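Take a look at the letters that make up each chain.
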Amino acid sequence: MMRIMPFEIDPVIPAGALSSAPQPTLRTPDGELALRAPESTDVPAVRAAFRDPDIRYWHARSMESDDEARAWIADAREGWLKESSGQWLVTRAADGEPLGRIALKDINPLDGCAEIAYWVLPTARGTGVAPRAVTALTEWATGLGFHRLDLLHSTRNEPSCRVALKSGYPLEGTRRSFALHTDGWHDMHVHTRINS
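Quick look at the structure, then. (Residues numbered from 1 in each chain as written. Predicted model: local features only at pLDDT ≥ 70, side-chain atom pairs only at ≥ 80, totals over all residues. Heavy atoms only, no water.)

**What about the pattern of salt bridges?**
Here comes step 1: Within this structure, the stated rule accounts for 15 salt bridges.
Here comes step 2: For the salt bridge of Lys82 with Glu78, the shortest nitrogen-to-oxygen distance reads 2.9 Å. Note that Lys82 and Glu78 are positioned in helix α3 (residues 66-82) at a spacing of four residues, about one turn of the helix.
Here comes step 3: The exposure class of Glu78 is partly exposed, given its relative accessible area of 39%.
Here comes step 4: One network of salt bridges, with partners in common, ties together Asp30, Glu32 and Arg132. (Salt bridge = Lys/Arg side-chain N within 4 Å of Asp/Glu carboxyl O. Helix = DSSP H or I, 4+ residues; strand = E, 2+ residues; numbered from the N terminus. Buried < 20%, exposed > 50% of the residue type's maximum accessible area, 1.4 Å probe, protein only.)

**Here we look at empty space enclosed by the protein**
Here comes step 1: Enumeration according to the criterion identifies one cavity of 30 Å³ or more in this entry.
Here comes step 2: By volume, the largest cavity amounts to about 40 Å³.
Here comes step 3: Ile13, Pro14, Ala17, Leu18, Glu83, Ile107 and Pro109 are the residues that line the largest cavity.
Here comes step 4: Looking at the lining of the largest cavity residue by residue, the classes come out as six nonpolar, no polar and one charged. (1 Å grid on protein atoms, 1.4 Å probe; cavity = no way out; pocket = protein on both sides within 12 Å on 5 of 7 lines; lining within 4 Å. Points joined across faces, edges and corners; volume = space filled by probe spheres on them. Nonpolar A, V, L, I, M, F, W, Y, C, P; charged D, E, K, R; others polar.)

**Some remarks on the pairing of strand β8 (residues 184-194)**
Here comes step 1: Where strand β6 (residues 148-154) lies against β8, seven bridges are found, and the strand directions are antiparallel. When the bridges of β8 are listed, Asp150 appears paired with Thr192. (Pairing = 2+ DSSP bridges.)

**Section: the nonpolar core**
Here comes step 1: Judged by nonpolar contacts, the single largest core of 31 residues is most densely connected at Leu35, Trp88, Ile102, Leu104, Ile116, Leu137 and Trp140.
Here comes step 2: Looking at this core, the elements with two or more residues in it are β2 (33-36), β3 (86-92), β4 (98-108), β5 (113-120), α4 (129-144), β6 and α5 (158-166).
Here comes step 3: When residues of this core are assigned to their parent elements, the largest contribution, eight residues, is made by α4. (Core = buried A, V, L, I, M, F, W, Y, C linked by side-chain atoms within 4.5 Å.)

**Re the packing of helix α1 (residues 43-51) against α3**
Here comes step 1: Contact geometry for α1 and α3: axes closest at 9 Å, N-to-C directions at 105°. With respect to α3, the axis of α1 lies roughly perpendicular. On the side of α1, the interface is formed by Val43, Val46, Arg47 and Phe50, while α3 contributes Asp66, Ala69, Arg70, Trp72 and Ile73.
Here comes step 2: The residue inventory of the contact of α1 with α3, partitioned by class, reads six nonpolar, no polar and three charged. (Axes fitted to C-alpha atoms, helices over the stretch in contact; angles between N-to-C directions. Parallel < 35°, antiparallel > 145°, perpendicular 65-115°, else oblique. Contact = heavy atoms within 4.5 Å.)

**Remarks on the pairing of β6**
Here comes step 1: Of all seven residues in β6, seven are buried; the element is thus mostly enclosed.
Here comes step 2: Going residue by residue along β6, you find Arg148, Asp150, Leu152 and Ser154 tucked away on one face and Leu149, Leu151 and His153 tucked away on the opposite face as well.
Here comes step 3: When β5 meets β6, the two strands line up parallel, connected through four bridges. By the bridge assignment for β6, Glu115 is matched with Asp150.
Here comes step 4: Handedness of the β5-α4-β6 crossover: right-handed. (Right-handed = clockwise from strand over helix to strand, strands pointing away.)

**Things to note about α1**
Here comes step 1: Among all positions in α1, only Val43, Ala45, Val46, Arg47, Ala49 and Phe50 are buried.
Here comes step 2: The secondary structure elements touched by the buried residues of α1 are α2 (53-59), α3, β4 and β5.

Note that every value here comes from positions in space, so none of it alone points to a role or purpose.
Spelled out as structure tokens, the structure:
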């Protein structure tokens, strides 16, 4: 029987740090936005998001039915339970209207690293939804102990570059030919926050 080589370090994010409790609802510092787990009632908002040409283009995904939207919501729940990702819908705190989505994805608990990703519905663009949501999620994640958070976007996606910089994510570098979109390979900017 082969012995598995043990790590000599403890995971930065211990097992159960996410899944041992329900996914939290977060608030932006100004209190105007709430970040909450997607629910079954969010099917219309998720479908609307993936009908938007910009969201489809930058995320290289399509969604053609309510069943696919329900599967997306189920995947979000499963990601939390497996501690591989966390997905939040960004809503207006006053009335719960969905405005966008933000995620902590590709979670590496051993090294305490993850990537932040987001989209904003067309009606909410230009209102500061993305930077406020990124700030709220960053504060929560670093408070939990995450060491490094990356925010990646195509070098052609200038609005996302502005969001990263406004949110305190300086540009670290460029990953050449890193992401395949429907029109070919894109270079990706890497913006990073280190919890120091």
